[in-house]
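Chains, contacts and geometry: an overview
Spelled out from the first residue to the last, the chains are:
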Amino acid sequence: MVIDSKLSLQQRLDEFRKEGKTIGLVPTMGALHDGHLSLIDFAYSYCDKVVVSIFVNPTQFNNASDLEKYPRDIEGDAKFLTNHQPETIIFTPEVSEIYNDKVESESFEFGSIIQYMEGEFRTGHFDGVGSVLKRLFTITKPDKAFFGEKDFQQLQVVKSLVNITGQDVEIIGCPTSRNEFGLAQSSRNFRLTKQELKEAELIHEALSKAKNMFASNSIENIENQVKTMFQEHASFDLEYFSIAKVSDLIPTKTKESGQKYRAFIAAYLGEVRLIDNIAIN
Ligand code: PAF
């Protein structure tokens with residue numbers, strides 16, 4: 001069922017709540033793929049009813065042409081979703097339904113978790129993500145909302161967002177869905193040629209190498225090895241490779257015992273910017 005008005009969605013969800021049903025929200029920007037289906041399956045394993053929002057959020061793009069080029073195919077997405085889970089409620093609001101006439105980001109105090117990596121290379125991106133999610137949570141009032149660990153920095157930002165706003169929604173992180181060669185599922189993969197799809201496996205290879213090296217090598221040594229891997233592949237342009245503590249997401253060169261670390265990558269393959277990360281200890 002596709003609903004484009006927030007009022008109709010709210011009426012529908014209120015009926016479910018009266019029946020004692022729990023609501024899960026999977027926010028998306030469309031261009032749906034198997035990774036989204038795995039988030040939806042996750043949501044159904046926790047909640048009675050699942051809403052998937054499809055909304056290309058203008059405030060999280062720091063590049064106007066990226067926003068313009070973002071693939072939009074609501075009909076195709078709805079078909080893809082309904083074939084998988086016919087019961088799913090698909091919410092497809094217009095920009096005015098979300099932002100009224102003021103298409104602007106709010107500014108949030110996310111602290112260190114947005115200073116580096118995606119926060120550094122995509123100025124204002126996380127304020128845009130926070131702004132749209134705050135509104136989507138207000139509209140849908142979900143019990144739980146589901147986000148992929150592929151965007152791990154975003155996942156931490158969303159957890160921080162609900163602490164800041166006090167919204168009563170539990171944020172659930174879901175494991176990254178990968179193809180058989182380890183490439184993380186992403187809407188951007190649709191823009192890769194067959195040859196590039198094969199080359200893109202390098203990203204997961206580099207992260208796996210970092211994981212294998214972590215216990216017995218310095219972070220500097222790991223970074224050098226990963227940089228060399230990318231230098232040997234001319235079609236790639238490595239934007240960053242960082243190892244950071246999960247608690248603050250500040251790239252580090254030192255290891256503290258008892259802390260959890262992840263390795264993060266962003267790289268251009270041709271015109272397409274790909275990101276990924278993994279837990280390394
Ligand atoms: O990860 C995404 O697709 C977007 O950032 C999100 C969470 C749907 C917010 O627009």
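Our structure is the block above this text.
How each quantity is defined
- Residues numbered from 1 in each chain as written.
- Predicted model: local features only at pLDDT ≥ 70, side-chain atom pairs only at ≥ 80, totals over all residues.
- Heavy atoms only, no water.
- Helix = DSSP H or I, 4+ residues; strand = E, 2+ residues; numbered from the N terminus.
- Core = buried A, V, L, I, M, F, W, Y, C linked by side-chain atoms within 4.5 Å.
- Buried < 20%, exposed > 50% of the residue type's maximum accessible area, 1.4 Å probe, protein only.
- Contact = heavy atoms within 4.5 Å.
- Arc of directions from axis to C-beta.
- Pairing = 2+ DSSP bridges.
- Axes fitted to C-alpha atoms, helices over the stretch in contact; angles between N-to-C directions.

**Structural notes on unusual backbone geometry**
Of note, Ala31 is a non-glycine position whose phi angle comes to about 50°, a positive value. Within the fold, Ala31 resides in the loop between strand 2 (23-28) and helix 2 (34-46). Phi is positive for Leu249, which is not a glycine, with a value near 55°. Structurally, Leu249 can be placed in the loop between strand 7 (236-245) and strand 8 (261-269).

**Remarks on the nonpolar core**
With 39 residues, the main nonpolar core has Leu9, Val51, Ile98, Leu133, Phe137, Phe147 and Ile171 as its most contacted residues. Looking at this core element by element, the count peaks at seven residues for helix 7 (residues 125-140). Not counting the four nearest positions on each side in its chain, Leu9 is found in contact with Ile3, Val51, Ile89, Phe91, Ile139 and Thr140. If you look at the next biggest cluster of nonpolar residues, it comprises 27 residues, including Leu183, Leu207, Tyr261 and Leu269.

**Thoughts on helix 4 (residues 74-84)**
Within the sequence span of helix 4, burial applies to Asp77, Ala78 and Leu81. Seen from one end, helix 4 has its buried residues packed into an arc of 100°, which puts them on one side. Looking at helix 4, the residues exposed on the side facing more than 90 degrees away from the buried face are Glu75, Lys79 and Asn83. For helix 4, the elements touching its buried residues are strand 1 (2-3), helix 2, strand 3 (49-54) and strand 4 (89-91).

**Here's the deal with the sheet that holds strand 9 (residues 272-279)**
In space, the three strands of this open sheet follow the order 7-8-9, with antiparallel pairing throughout. Of all the strands in the sheet, just strand 7 and strand 9 have a single pairing partner and so form its edges. In this sheet, adjacent strand axes meet at a mean angle of 15° when their direction is disregarded. Of the strand pairs in this sheet, strand 7 and strand 8 are connected by nine bridges, and their pairing is antiparallel. Bridge assignment links Ile243 to a residue of strand 8, and that residue is Ala263. Packing of helix 10 (residues 201-214) onto the sheet brings it into contact with strand 7, strand 8 and strand 9, and relative to strand 9 it is tilted by some 25°. Against the sheet, helix 11 (residues 219-231) makes contact with strand 7 and strand 8, and its axis sits at roughly 160° relative to strand 7, the strand it touches most.

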